[in-house]
Amino acid sequence: MSTKRMNILECIEVIADKAENSQLSESFFNEVDGQIRYVSRKLGINSIQAVVLALMVNRSYDTRIELNDLSDYVGCKYIKMLRYSADVEGLVKSHLIACTMGRADDNITYRVPLVVIEHLKNNKAYKYEVPKDLTTSEFFGKLNEYIDCRVHEECSIEGFQDDVVELIENNLHLDFASRIKALELDINNLVLFLFVCDAFIQNREENVRQQDFAEMCCNKYHFKSVCNLLMEGNHRLQKLNLIEFCNEDGMVNREEYKLTDDAKRNFLFGVKAGGSDYLSGNFSSLLVDCRSLPAKELFYNRKVTDSIKQLEGLLEQNNFSDICNRLKEKGLRSGFACLFYGAPGTGKTETVYQLARKTDRNIMRVNISEIKSSWVGESEKNIKNVFNKYRYLVEKSDVAPILLFNEADAILGKRMEGAERAVDRMENSIQNIILQEIENMEGILIATTNIAGNLDKAFERRFLYKIEFERPDVQAKSAIWRSMMPDLREDEADKLASLYDFSGGQIENICRKHAIDSILWGEQNPDFEKLKEHYESEVLHLGNSERRKIGFR
């Protein structure tokens, strides 16, 4: 029969049609030789595989196909089909067919994947592509695809395990894959751990039930052994602190399991779970690249200036590494916690930015107001995740970043003694976690606060460097005026600095208003009387008593 102008699917149809009750005889092969050679050449398979594939495509409506189904169709003994087992296995390895095995009866069955059918319908040869050089998102998408196939019994446990190993081996450029391989888990424990990771990533499920592991096990005996080890707490994954028992109302549930915080931090950092980075929880954190920070000249009183210079020297990388090593040698804590406190607008946050820029340190900036959650337990989890994320950044970075708790008044206040309300207990719990984390921290924490008088004594002891940002003195204010408004004469800047007790932030506001006037009205040189209107508006919110103190006339 001629194969001219025939496509792959038409050739497969002819092969399947002629194979019925043919007993796969020599005459059958002679009759459809052209179609077999065409399919073999297009798909890169041998003649026996071309026939087997044609038979399976013909029966693909049955979803799962057993070899005895094919022997019945062609009218031969089952033992004859068994002779082609190696060819069938070749089709499985080429992903042209999938081997499935149900746990209920342990029957080996096969199916033709939908993607193969779609290619054949479009007269295209399906060529399996090894999943390599994937992005993190693509990697976990492919892993979920494999797990989903296994859960729905659309592939054998052996095939599933082979796919998982191939996925990891071909994507070792990904941090997750390289860390997983370094665990050196046997294949059975590897797929169990990946299953728990996938459940968390795809569905944001904390708990995995014992029975969910069934499809990840080789057989019912293996499943029973896994369950016994898990319930006793003796499973390999538990001993490696990768998974742990779930906790319900303070009671351990030995039939449900979840990833440990260490496992999430070490293996899933930066991985999107439920649409967001799992470590970011219900709060926001911003990683600021120090290279994006513009240079800005800051002016302080002499005491603050000296303290900032000393801290800048400490944070210079060579000095910092040497100091940390020496502290460790002496058995002392190597982490540095610093507190910047003082009135608003005195340059606390901007100082952190300039320190980061000058010492080439990125900043992990945490929005403290979003850490606190109305849900019991969420705030504690959020604050733990902050330090988990920062700890990972320190481990992964050549230069330790700065952890910035900006406007941290809400979490640094005095702890409630004998707290009875749930909110008060939560506040105490958050503070206890922070105190413990600071104690064990490696890296640099800087907290800024406007109110230091209410600082808990325990926090006061944890902060090695405490710098008070006073309102600038006359000399510093004059320098700020000249830097922000270069057209001011030196005597005018000195006069402004003497007359008005403004912070650097307030001076900047006035300078911005002058700049807006210049844009709108073309006023280039500062008009002293016009500036006075801006001074008045800047202090309106302070009240009459404050205005009299400043000395306006």
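Quick caveat, the model's predicted, so the values are computed rather than measured.

> Explain the side chain of D163 to me, and be specific about the residues and the numbers.
Mapped onto the elements of the fold, D163 is located in helix α10 (residues 157-169). For the buried D163, which has no salt bridge, the nearest side chain bearing the opposite charge is R111, at an N-O separation of 8.6 Å. Once residues lying within four places of it in the same chain are set aside, the contact partners of D163 are H95 and Y146.

> Can you lay out the environment of F29 for me, pointing to particular residues and giving the numbers?
Tracing the backbone shows F29 in helix α2 (residues 26-31). Here the alpha-carbon distance between F29 and A19, two residues 10 residues apart in the chain, equals 8.8 Å.

> A description of helix α17 (residues 317-329) should follow, citing residues and the corresponding values.
An α-helix turns once per 3.6 residues; consequently, residues spaced three or four apart project the same way. Between its first and last C-alpha atoms α17 spans 18 Å; for 13 residues at 1.5 Å apiece the expected length is 18 Å, and the two agree. Of the residues flanking the end of α17, it is G331, one or two places downstream, whose phi is positive at about 75°.

> Tell me about the packing of aromatic side chains, and name the residues and values.
Applying the stated criterion across every chain, the model contains 12 aromatic pairs. Site record: aromatic cluster; members linked through ring pairs are F195, F213, F245 and Y257. Against the face of F320 rests R361, its NZ or CZ located 4.6 Å from the ring centre.

> Describe the nonpolar core, with residues and values.
In terms of nonpolar packing, the biggest core is built from 55 residues, with F340, I363, L403, F405 and L412 touching the most fellow members. If we skip the residues at most four places from it in the chain, F405 touches V366, I368, I383, V386, F387, I411, L445, I446, A447 and T448.

> How would you sum up unusual backbone geometry? Please name residues and give values.
Despite not being glycine, D360 has its phi angle at roughly 60°, a positive value. Note that D360 resides in the loop between α18 (348-358) and β10 (363-367). With a phi angle near 50°, E407 is a residue other than glycine that sits in the positive phi range. Counting through the fold element by element, E407 comes out in the loop between β11 (402-406) and α20 (409-412). On the basis of relative accessibility, which here comes to 55%, the residue E407 falls in the exposed class.

Basis of the calculations
Residues numbered from 1 in each chain as written. Predicted model: local features only at pLDDT ≥ 70, side-chain atom pairs only at ≥ 80, totals over all residues. Heavy atoms only, no water. Helix = DSSP H or I, 4+ residues; strand = E, 2+ residues; numbered from the N terminus. Buried < 20%, exposed > 50% of the residue type's maximum accessible area, 1.4 Å probe, protein only. Lys, Arg positive; Asp, Glu negative; His and termini not counted. Salt bridge = Lys/Arg side-chain N within 4 Å of Asp/Glu carboxyl O. Contact = heavy atoms within 4.5 Å. Expected span 1.5 Å × (residues − 1). Phe/Tyr/Trp six-rings, centres within 6.5 Å; stacked < 30°, edge-to-face > 60°. Lys NZ or Arg CZ within 6 Å of the ring centre and 35° of its normal. Core = buried A, V, L, I, M, F, W, Y, C linked by side-chain atoms within 4.5 Å.

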